[in-house]
Amino acid sequence: MTTALARALNPSSIAVIGGGAWCASVIQQARKFGFQGDIWPVHPKAAEVAGERVFARLEDLPSAPDVAFVGINRHATIEAVQALAAIGAGGAVCFASGFTEARAEDDLGADLQDQLIAAAGEMPVLGPNCYGFVNGLDQVAVWPDQHGMQPVERGVAILTQSSNIAINMTMQRRALPLAFMLTCGNQAQTHQADVASTLLDDDRITAIGVHIEGFGDLRKWEALADKARRRGVSVVALKMGRSSHAQAATISHTASLAGGDAGAQAFLDRLGIARLDDIPSFLECLKLLHVTGRLRGSGLGTISCSGGEASLAADMSEGRDLHFPPLTKVQQADLRAALGPMVALANPLDYHTYIWRDTKAMTRAWSAMTGPEQAITIAIVDYPHTDASDWECATQAALNCAAQTGRPFAVAATLPELLPEEVAQRLLDGGVVPFAGLHEALAAVEAAARPVAAPADPVLLPSQAEADHVLTEAEAKRALADHGLRIPQSLVTRPDKAAHAASNLTAPFAVKGVGLAHKSEHGAVRLGVGLDDLSAVATELGTDEVLIEEMAQGGVAELLIGVTRDPAHGYVLTLGAGGVLTEILRDSVSVLIPSSRDVVRQALGKLNCAPLLEGYRGKPAADTEAILNAAEAVQAYVIANAAHVSEVEINPLICNPDGAVAVDALIRKARI
């Protein structure tokens, strides 16, 4: 660790400000964990706290502490932080709550947080509303409660925005070597990504896990991802927020598809940070990364002595970005030699129990499953809690495989409680990944197999302008056409002048009422209208003006291309199945602006309707380059108008073998 924050995270002296039970616990936990440095309680009246001599004032300390735990009320915290900064302290952990997290109950919170930031100056501050940290590498605990961490020589770091979740994760019994646990609290001054970036400087940190409630400063996360990529250390996330609802103020189909969590997922994808959905999978993924690092591919091999477990592994992998490569001829020959003629050879493999207790034969068979196409091989083994002595052969075979093949190898219990901690630790020490739970194992492998994300341009930051103006369809199309979007020939006129005005256009026509956001829902769209019927149809729509445009013919597929402004993550570009069934089909994928042509191409390939674009059952393929041109036009418009725009949508984009044309468009922006 080389930054200013490093002094606070590996201190040789700790000041503890306050005399309550929490402060006494900080001292007790530090000594219990083996901290050998100085601990200086600070309290104006007490003589001793937790057996340590007390100093009445910060100015009375022998020297400036490397870090201070500030365990007093929020108003006094600001004064203490200012005094710590003045004497040259290395940093502070601010325990008190009642700052920005209390805005709903107390108008003072935000103002007090601003005062805290000003008081700290350049001195790093963790929190407020923060438990602190436990450094298992250097046996340092600045932590006001019990924890389950043990000293380690190397391991993973976890940074959370929840102190309670942090405590719970330190209590894991999965043989995960926890090198660092840190809670970030409100991140008033020191951002979660800043801490993670500092920890990347320590070669003893093998992987970093971040529990995220909100990203905050996007630029800091981009810098962290870039540094992690350069250092070759994986960062994975437990991101909250999948269940949040789309913003009620949106009016487009795009907003319905991209609301809530789409921006967060797109941002993580862009950073190359894999996301786990639950704490057990999060911990198992960190364990995998600690042992093997990032996996080279998503090929999986599983081996078990039960056909039921082989089927279970296959079924549980369905829908994940994992696959079971077929066995090579070399693997088949080696397996046949080890297992004999009565075992059907396949991946997943049920090797039956013919070789159980024959450690040499088990090693030979299991090693044969570690082929070049398998990024990792998993032996499914559940250890009974009654008497597991007969399972020693499985433990030793796994250790032999890792040692002899040098390939990633794991043992997974289908039930987490059927992997004893002492066995898990022995496997880990021997280079075998001990997975506590098959679901967790598959989630971990999928996350660790994600390819390294290519460097990307910084995301386009969202504006705060109030978007209170919706352009008409014709206005929206013209605005997008100025940036390269292909649109039909069209005009806007009064209903009584429709036939005359359209005499230079080619029928059949699409006739639409002007001034309605969702015209089809109001019956204000008529298709296939001939010139002779144009006046009557235009009048029937009942709007003061009508849009008349030449019909787009044919169409391999209909797509949606839209953008929503996400205040937390930037501008979300959504691609999806278009037309009137957009919200029913819900076939979409989202990326952030700006995204390269290649990224958009890859996103299109993830759609369920992608086979239609590629030419389904002998049908012609859509003009992919024209679709990409349309997406680039939308991005170009948003980038040029980022200070004002809130929503953009093309729905549908009619995709043909020789082009793509936008037949409906919507833009919402601020008035300028």
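Residues numbered from 1 in each chain as written. Predicted model: local features only at pLDDT ≥ 70, side-chain atom pairs only at ≥ 80, totals over all residues. Heavy atoms only, no water.

Caption draft 1: Geometry of the overall build of the protein chain. In terms of regular secondary structure, the protein chain is built from 23 helices and 30 strands. Its C-alpha atoms give the protein chain principal-axis dimensions of about 95 × 80 × 35 Å. Within the protein chain, contacts between residues separated by at least 24 positions form 72% of all contacts whose residues are at least 6 apart in sequence. With an accessible surface of roughly 28,000 Å², the protein chain has 49% of that area assigned to carbon and sulfur atoms. Each charge sign in the protein chain was given a centre, from 52 positive and 76 negative side chains, and these centres are 4 Å apart. (Helix = DSSP H or I, 4+ residues; strand = E, 2+ residues; numbered from the N terminus. Contact = heavy atoms within 4.5 Å. Areas by Shrake-Rupley, 256 points an atom, 1.4 Å probe, with all protein chains shown as cover. Lys, Arg positive; Asp, Glu negative; His and termini not counted. Charge placed at Lys NZ, Arg CZ, Asp CG, Glu CD.)

Caption draft 2: Seen up close, the packing of helix α14 (residues 392–405) against helix α15 (residues 421–429). Contact geometry of α14 with α15 gives a least axis separation of 9 Å together with a crossing angle of 20 degrees. When the axis of α14 is compared with that of α15, the two are roughly parallel. The crossing of α14 and α15 is right-handed. Seen from α14, the contacting residues are Glu392, Thr395, Gln396, Ala398 and Leu399; seen from α15, they are Val423, Arg426 and Leu427. Among the residues making up the contact of α14 with α15, the classes are represented as 4 nonpolar, 2 polar and 2 charged. (Axes fitted to C-alpha atoms, helices over the stretch in contact; angles between N-to-C directions. Parallel < 35°, antiparallel > 145°, perpendicular 65-115°, else oblique. Left-handed = near helix turned anticlockwise from the far one by under 90°. Nonpolar A, V, L, I, M, F, W, Y, C, P; charged D, E, K, R; others polar.)

Caption draft 3: Just unusual backbone geometry, in detail. The linkage connecting Ala507 with the following residue, Pro508, adopts the cis geometry, with an omega of 0 degrees. The backbone phi angle of Gln139 is positive, close to 55 degrees, even though this residue is not glycine. Mapping Gln139 onto the fold places it in the loop between β8 (133–135) and β9 (140–142). Non-glycine residue Gln187 carries a positive phi angle of around 55 degrees. Within the secondary structure, Gln187 sits in the loop between β11 (178–183) and α6 (192–199).

Caption draft 4: Structural view of the nonpolar core. Among the nonpolar cores identified, the biggest contains 104 residues, and Phe133 and Phe435 are the most heavily contacted of them. Broken down by element, the residue count for this core peaks at 8 residues, all from helix α16 (residues 438–448). When near neighbours in sequence (up to four residues on either side) are disregarded, Phe435 contacts Glu284, Leu288, Ile376, Ile378, Ala410, Val411, Ala412, Ala413, Leu419, Ala441, Ala444 and Val445. Formed by 44 residues, the second largest nonpolar core is a distinct cluster that contains Leu559, Leu573, Ala603 and Leu604. (Core = buried A, V, L, I, M, F, W, Y, C linked by side-chain atoms within 4.5 Å. Buried < 20%, exposed > 50% of the residue type's maximum accessible area, 1.4 Å probe, protein only.)

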